[in-house]
Amino acid sequence: VLKQISTVLSAEAEGIGSDLALAFRSAAEMMKRRGICVILSDFRSADYWSELTVLSSKHDVIAIRITDPVDRQYPRSGLVQLKDPETGESIFGFGRSKKFRDEYAEFWEIERLNWINGCRRIGVDTLEINTEDDVAVKLMEYFNRRNKRK
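Residues numbered from 1 in each chain as written. Predicted model: local features only at pLDDT ≥ 70, side-chain atom pairs only at ≥ 80, totals over all residues. Heavy atoms only, no water.

Trainee: Which residues make up the overall build of the protein, and what are the values?
Mentor: A count of helices and strands for the protein gives five helices and five strands. Restricting to contacts in the protein with at least 6 residues of sequence separation, those with at least 24 account for 60%. By element, 55% of the accessible surface of the protein is carried by carbon and sulfur atoms, the whole surface being about 10700 Å². (Helix = DSSP H or I, 4+ residues; strand = E, 2+ residues; numbered from the N terminus. Contact = heavy atoms within 4.5 Å. Areas by Shrake-Rupley, 256 points an atom, 1.4 Å probe, with all protein chains shown as cover.)

Right under this line is the structure:
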């Protein structure tokens, strides 16, 4: 296990963005016996649900979604070009527009709820940790709740 962790940590990133489908497929292939798989990600990747379903059918999966305050509330600002680091696509956002800020917040809330419901449907436990949260406290609260359920 330590060798596998060391290999993962020393790997050089290739390309742009992340390929969660590949990561989930690789984990399912590498983990021969049933175990716990903890995933830390922002889960802003496309087309990974079938691989996550396979992984969760073989293992106890905990999906920890890392979020940022900007994910919920777009800052009041002027015209800003927003570039998706995963796809390279750009759009313009006008933070002074209440309509734009409201649509932005609604879009990300719908994405969040779809992620939670998708995970729940396939038996994946979820936890959301904001970049401003105390990670240790959030993890302790989560595992205390999880132990009470089991």
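Trainee: So what's going on with the pattern of salt bridges? Which residues, and what values?
Mentor: Overall, the coordinates contain 12 salt bridges when judged by the stated rule. A salt bridge links Arg 146 to Asp 60; the shortest N-O distance between them is 2.2 Å. Here Arg 146, found in helix α5 (residues 135-149), pairs with Asp 60, found in strand β2 (residues 60-67); they are 86 residues apart in sequence, far enough to count as distant. Residues joined in a network through salt bridges with shared partners are Asp 60, Asp 125, Arg 146 and Arg 149. (Salt bridge = Lys/Arg side-chain N within 4 Å of Asp/Glu carboxyl O.)

Trainee: Summarise the nonpolar core; cite the residues concerned and give the values.
Mentor: Phe 24, Ile 39, Phe 43, Tyr 48, Leu 52 and Leu 55 are the most contacted members of the largest nonpolar core, which has 17 residues in total. Of all elements in the fold, only α2 (20-30), β1 (36-41), α3 (49-58), β2 and α4 (98-121) reach the threshold of two or more residues within this core. Setting aside chain neighbours within four positions, we find Phe 24 in contact with Ile 39, Phe 43, Tyr 48, Glu 51, Leu 52 and Leu 55. Judged by nonpolar contacts, the second largest core, of five residues, contains Ile 64, Leu 127, Ile 129 and Tyr 142. (Core = buried A, V, L, I, M, F, W, Y, C linked by side-chain atoms within 4.5 Å. Buried < 20%, exposed > 50% of the residue type's maximum accessible area, 1.4 Å probe, protein only.)

Trainee: Explain the environment of Arg 146 residue by residue, including any values.
Mentor: Of the residues examined, Arg 146 reaches a relative accessible area of 8% and is grouped as buried. Taking the C-alpha atoms as reference, Arg 146 lies 9.1 Å from Asp 125; in sequence the two are 21 residues apart. If we skip the residues at most four places from it in the chain, Arg 146 touches Asp 60, Ile 62 and Asp 125. There is a polar contact of 2.2 Å between the side chain of Arg 146 and the side chain of Asp 60. (Polar contact = N/O pair within 3.5 Å; in protein donor to acceptor, adjacent residues only side chain to side chain.)

Limitation: the analysis is restricted to geometry and does not speak to function.
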